[in-house]
Each structure stands twice: as structure tokens, then as C-alpha cells.
Amino acid sequence: MPQLIPYVGKEELENLKKVIANQWLTEGPFTEEFVSLIKDVTGAKYALPVTNGTMALFLAVLSLGIGPGDEVIVPDFTFIASATSVHFAGARPVFCDVTDDTFTIDTDKLEERITEKTKAIMPVHVYGQSADMAPVLQMARAHNLTVIEDAAQGFGVFYNNKHTGTLGDVGMISFFADKTITTGEGAVILTNREDVYERAKLIRNQGRSSSGVFIHPALGMNFRMTDLQSAIGVAQIKKFNEIKRLKSRNYALYRRELSGVKELKFLEEVSHSNLVPFRTNVLAEDKEDLCKHLEENGIQTRSFFFPLHRQPCFNFLGYREEEFPVSNRGFEQGLSLPVYCGLQKKDILNICSRIKEHYGY
Ligand SMILES: Cc1ncc(COP(=O)(O)O)c(C=O)c1O
């Protein structure tokens, strides 16, 4: 049983056929529709399609004019792209520990990370819930910092009725194959700031206002998507309610079946956010043994993120392990179980009984 099977089928295929029939492969009518649907769901004033989530983060950092000599505070517990986007913009990612309920940035530890070089805070909304944004925004205001939201995993996730990715200065959502809705590769930048939108739009398209023009007022690159991806995205976004329903149903079944297993701890469901299950995420003190047992029974598991401060590629930043107890614990104990739409009740019951068997229930 794999970790994930994307929920794609005939609707996506029909839309793809239309793109081929139309013979417009680069951003075209489907991209326009996709962007408009994204704005409807998120309420963002501006949305820009981007090649993938990593490039969207990079573009977000560039669009705020962050560069050499600047620092951006990033949670220690996230996918590597949150930090590499900062690095490749020439700035320094500064890591902050996370909370043990949602594994999102710990705002009690944020202030001590702020220096005179800090330009932005990057909360990351992981595992289908929002980071606690009010203290992040308040801290940003107090120190005159911008907020870049990594909502790669946050499609359909709202913080107190505001969609993740729309609360700060700029945000992004990824549509990679394992995300809530997917275009294979792909992403979107969200912002309510016209200046950020205009700057991101220029950088995204080779530093010019429109394609087919060879005078480039600004320096830019190619961060564009294709209509093939958007055609899939349009079909996916229309299925979102069904995707959410199926994933939530699967997640609820895990919770029910595993409720008596005291060796497992589910991530907390916080009141400031809805939950769109990204995976079924649990903590187990004997994670390695449990994963081995499940893998031996044909059930693919995923570890939680490896803390950024321990990443070999970030050795040069010189962090000490004891500065990040929660993120370390997340990696040591956290594992993800499949929750994808096509998972059947019998599959989940099988996974749960293997877990119970492992603990001798
Ligand atoms: C938290 C987080 N940030 C950034 C990314 C990067 O997105 P992408 O895979 O679309 O480049 C991902 C996805 O893998 C992610 O989970």
C-alpha cells in the first residue's frame, strides 16, 4: 500500500484533451480559469501560477526584495524548500523551533530569533492545519517585518476563516502530486499587495510585462506554468469538496480504530484552524520499529521532516541540536500513514490491525 495515489481520472483527461485540441499549451484559457477558481477559494486579491512550490517560495522571497545581508525566520520543521528559497535569494534562513501540537512555528521562541538583519518571518502550514497566525502577524508588525506564508500543504486550510497564504504579505500553495489538489508539478503565489503582485509578475516572466516582447525593464526568469497543468488543476479544484470529504472520512476511521492505542499520539486539532488531512500523522516512541513492522506488511510509511538545523547542506549555519527539542522529537517519533482518497475501509482496518498487532493489542 503506497503512501499516496493522486485522485485523478476522467475529468482531468477530458480537460487535457481540450488543451490538445485547442493547441494552446502554454498558459492559456485553462490557466485563466484555474487562477480565477483559486482566487474564489482563497479570497486572495492576486494569484499568479508558478512552475512549482519551491520556485513559488523563491519568487515570493524575491518579490519582497529580500537578498544578501537579510535574514528570514523559518521553522526548523519543514520541507527543505522553505529554507533553500531564502538561501538562493542570497539571504540567510534563521531557524526557529515549532510547537508540539501542530509542529508549526513556535511564536514564543520567535522574538529571540529576530535581529537587525531580519526582514521576514515564514510560517509554514504543515499537515493540513494552519500555523497560529495572530502572534506571527503581531510580531511582524511590532518589528516591521514582512510575512511569507508557506502554505504548500495548505489548500483549503483556513485560519479563523481566512485562507492560509492570504494572511501575510505573500503566500504560496503547491500543487505537487502529493498535495491536496495537484497539477503534477505546479504552484500559485497569493498576495493582497499590488506592489508585490506587480514585482512577482515581472520576475516570473523574464522581467517584462508580457510574453513576445524582447525589451526587459527588469531582471527576471521563467517561473510560468502550462495550460496542461492548469487543465488538470481546474478539474482538481472542482473535486476539492469530494477530496476533502474522502480524506476526512479516512482520517476519522484511523482516529476511531486507533483511539485505544496509547502508544500512538495523533497531532492535535487546534481551534484556530480547520483540518484538511494531508496524511495521518502520529507520534510513536518506537517509530523505527513500527515503521519496520508496517513496511514488512507492505504498508509504506513516511517519516516526519528531518530538522533543518541537522541537514548536512545547512551545517555551515552552525546550529546546536539542543536549540530545537520539538523539531528533533518530531523527527524521532513522527510518522505518516496513507490517507489518500482511493484508500478503502478495508485498507485502513488492515493498517490499524497491523499497528495493534505490533503493540500486542
Ligand atoms: C512545506 C512545503 N514547502 C514547500 C514545498 C515545495 O513544493 P514543491 O514540491 O511544489 O516544489 C513542499 C512540497 O513538497 C512542502 O511540503
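The structure this text deals with has already been given above.
Described below are features of the structure shown in this document.

**What about the overall build of the chain?**
Turning to step 1, where the next piece is worked out: When helices and strands are tallied, the chain shows 11 helices and 13 strands.
Turning to step 2, where the next piece is worked out: Here the chain has a C-alpha radius of gyration of 21 Å; the compact-globule value for 361 residues is 21 Å, and the two agree.
Turning to step 3, where the next piece is worked out: Reported as C-alpha extents along the three principal axes, the dimensions of the chain are approximately 70 × 55 × 35 Å.
Turning to step 4, where the next piece is worked out: Taking all 361 residues of the chain together, the buried fraction comes to 57%.
Turning to step 5, where the next piece is worked out: Across the chain, contacts joining residues at least 24 apart in sequence account for 70% of those joining residues at least 6 apart.
Turning to step 6, where the next piece is worked out: A distance of 5 Å separates the average location of the 40 positive side-chain charges in the chain from that of its 45 negative side-chain charges.

**What about the site of the ligand?**
Turning to step 1, where the next piece is worked out: Among the 15 residues in the neighbourhood of the ligand, the closest are listed as Gly53, Thr54, Asp150, Ser174 and Lys179.
Turning to step 2, where the next piece is worked out: Residue Thr54 places a side-chain N or O atom 2.5 Å away from an oxygen atom belonging to the ligand.
Turning to step 3, where the next piece is worked out: In the environment of the ligand, an oxygen atom lies 2.8 Å from a nitrogen or oxygen atom belonging to the side chain of Ser174.
Turning to step 4, where the next piece is worked out: Coverage of the ligand by the protein amounts to 92% of the 380 Å² it exposes when considered alone.
Turning to step 5, where the next piece is worked out: For the shell around the ligand, the element with the most residues is helix 3 (residues 53-63), which contributes three residues.
Turning to step 6, where the next piece is worked out: Here the shell around the ligand is composed, by residue class, of six nonpolar, seven polar and two charged.

**Points about the sheet that holds strand 3 (residues 92-96)**
Turning to step 1, where the next piece is worked out: Strand order across the open sheet formed by seven strands is 1-9-8-5-4-2-3, with mixed pairing between neighbours. This sheet does not close on itself; its edge strands, each paired only once, are strand 1 (46-50) and strand 3. Taken over all neighbouring pairs, the strand axes of this sheet differ in orientation by 25° on average, direction set aside.

**So, the pattern of salt bridges**
Pairs can form between side chains of opposite charge once their charged atoms are near each other.
Turning to step 1, where the next piece is worked out: Inspection of every chain in the model, using the stated rule, returns 26 salt bridges.
Turning to step 2, where the next piece is worked out: The partner of Asp178 in a salt bridge is Lys179, and the shortest N-O contact between them spans 2.8 Å.
Turning to step 3, where the next piece is worked out: Lys179 sits in the buried class, given a relative accessible area of 14%.
Turning to step 4, where the next piece is worked out: Ionic pairing is found between Glu269 and Arg255, a salt bridge with its closest N-O pair at 3.2 Å. Of this pair, Glu269 sits in the loop between strand 10 (264-266) and strand 11 (280-284) while Arg255 sits in helix 8 (residues 240-257), and the two are 14 residues apart along the sequence.
Turning to step 5, where the next piece is worked out: Connected via shared salt-bridge partners are Lys10, Glu11, Glu12 and Lys239.

**Description of the layout of surface pockets**
Turning to step 1, where the next piece is worked out: Counted as a void, the largest pocket has a volume near 580 Å³.
Turning to step 2, where the next piece is worked out: Within the residue set of the lining of the largest pocket, elements represented by two or more residues are helix 3, helix 4 (81-88), strand 8 (170-174) and strand 12 (302-303).
Turning to step 3, where the next piece is worked out: Per-element accounting of the lining of the largest pocket gives the leading share, three residues, to helix 3.
Turning to step 4, where the next piece is worked out: For the lining of the largest pocket, the per-class residue count stands at 14 nonpolar, 11 polar and six charged.
Turning to step 5, where the next piece is worked out: Among the domains, domain 1 (10-98 + 105-238) and domain 2 (241-358) are the pair contributing at least three residues each to the lining of the largest pocket.
Turning to step 6, where the next piece is worked out: Computed from the structure, the second largest pocket encloses a volume of approximately 330 Å³.
Turning to step 7, where the next piece is worked out: Lining the second largest pocket are 19 residues, and of these Glu27, Thr31, Leu48, Pro49 and Arg204 lie nearest its centre.

**Quick notes on helix 7 (residues 227-238)**
Turning to step 1, where the next piece is worked out: Compared with an ideal rise of 1.5 Å per residue, which puts 12 residues at 16 Å, helix 7 spans 16 Å between its outermost C-alpha atoms and is within 8% of the ideal.
Turning to step 2, where the next piece is worked out: Burial analysis of helix 7 places 10 of its 12 residues in the buried class, the great majority of the element.
Turning to step 3, where the next piece is worked out: Along helix 7, the positions that sit buried rather than exposed are Asp227, Gln229, Ser230, Ala231, Ile232, Gly233, Val234, Ala235, Gln236 and Ile237.

**With respect to the sheet that holds strand 13 (residues 334-337)**
Turning to step 1, where the next piece is worked out: Read from one edge to the other, the open sheet built from four strands follows the order 10-11-13-12, with strand pairing classed as antiparallel. The outermost strands of the open sheet, each flanked by one partner alone, are strand 10 and strand 12.
Turning to step 2, where the next piece is worked out: Two elements, strand 10 and strand 11, share three bridges in a ladder whose sense is antiparallel. Looking at the pairing, Lys265 lines up with Leu283 of strand 11.
Turning to step 3, where the next piece is worked out: Of the strands in this sheet, strand 11, strand 12 and strand 13 are in contact with helix 10 (residues 325-333), which crosses strand 13 at around 50°.

**Some thoughts on the packing of aromatic side chains**
Turning to step 1, where the next piece is worked out: All chains considered together, the criterion is met by 19 aromatic pairs.
Turning to step 2, where the next piece is worked out: When the centroid spacing of 6.0 Å and the interplanar angle of 5° are considered together, the rings of Tyr127 and Phe305 count as stacked. You can see Tyr127 sitting in the loop between strand 4 (118-121) and helix 5 (133-143) and its partner Phe305 sitting in the loop between strand 12 and helix 10, a full 178 residues away along the chain. Pair check on accessibility: Tyr127 and Phe305 agree, each one buried.
Turning to step 3, where the next piece is worked out: Ring geometry for Phe155 versus Phe175: centroids 6.4 Å apart, planes at 65°, classification edge-to-face. One end of the pair, Phe155, is in the loop between strand 5 (146-150) and strand 6 (158-159); the other, Phe175, is in the loop between strand 8 and strand 9 (187-191), and 20 residues separate them in sequence.
Turning to step 4, where the next piece is worked out: A relative accessible area of 2% means that Phe155 is categorised as buried.

Definitions and limits used
Residues numbered from 1 in each chain as written. Predicted model: local features only at pLDDT ≥ 70, side-chain atom pairs only at ≥ 80, totals over all residues. Heavy atoms only, no water. Helix = DSSP H or I, 4+ residues; strand = E, 2+ residues; numbered from the N terminus. Rg over C-alpha atoms; globule rule 2.2 N^0.38 Å. Buried < 20%, exposed > 50% of the residue type's maximum accessible area, 1.4 Å probe, protein only. Contact = heavy atoms within 4.5 Å. Lys, Arg positive; Asp, Glu negative; His and termini not counted. Charge placed at Lys NZ, Arg CZ, Asp CG, Glu CD. Near = heavy atom within 4 Å. Polar contact = N/O pair within 3.5 Å; in protein donor to acceptor, adjacent residues only side chain to side chain. Areas by Shrake-Rupley, 256 points an atom, 1.4 Å probe, with all protein chains shown as cover. Nonpolar A, V, L, I, M, F, W, Y, C, P; charged D, E, K, R; others polar. Pairing = 2+ DSSP bridges. Axes fitted to C-alpha atoms, helices over the stretch in contact; angles between N-to-C directions. Salt bridge = Lys/Arg side-chain N within 4 Å of Asp/Glu carboxyl O. 1 Å grid on protein atoms, 1.4 Å probe; cavity = no way out; pocket = protein on both sides within 12 Å on 5 of 7 lines; lining within 4 Å. Points joined across faces, edges and corners; volume = space filled by probe spheres on them. Domains from an automatic or database assignment. Expected span 1.5 Å × (residues − 1). Phe/Tyr/Trp six-rings, centres within 6.5 Å; stacked < 30°, edge-to-face > 60°.

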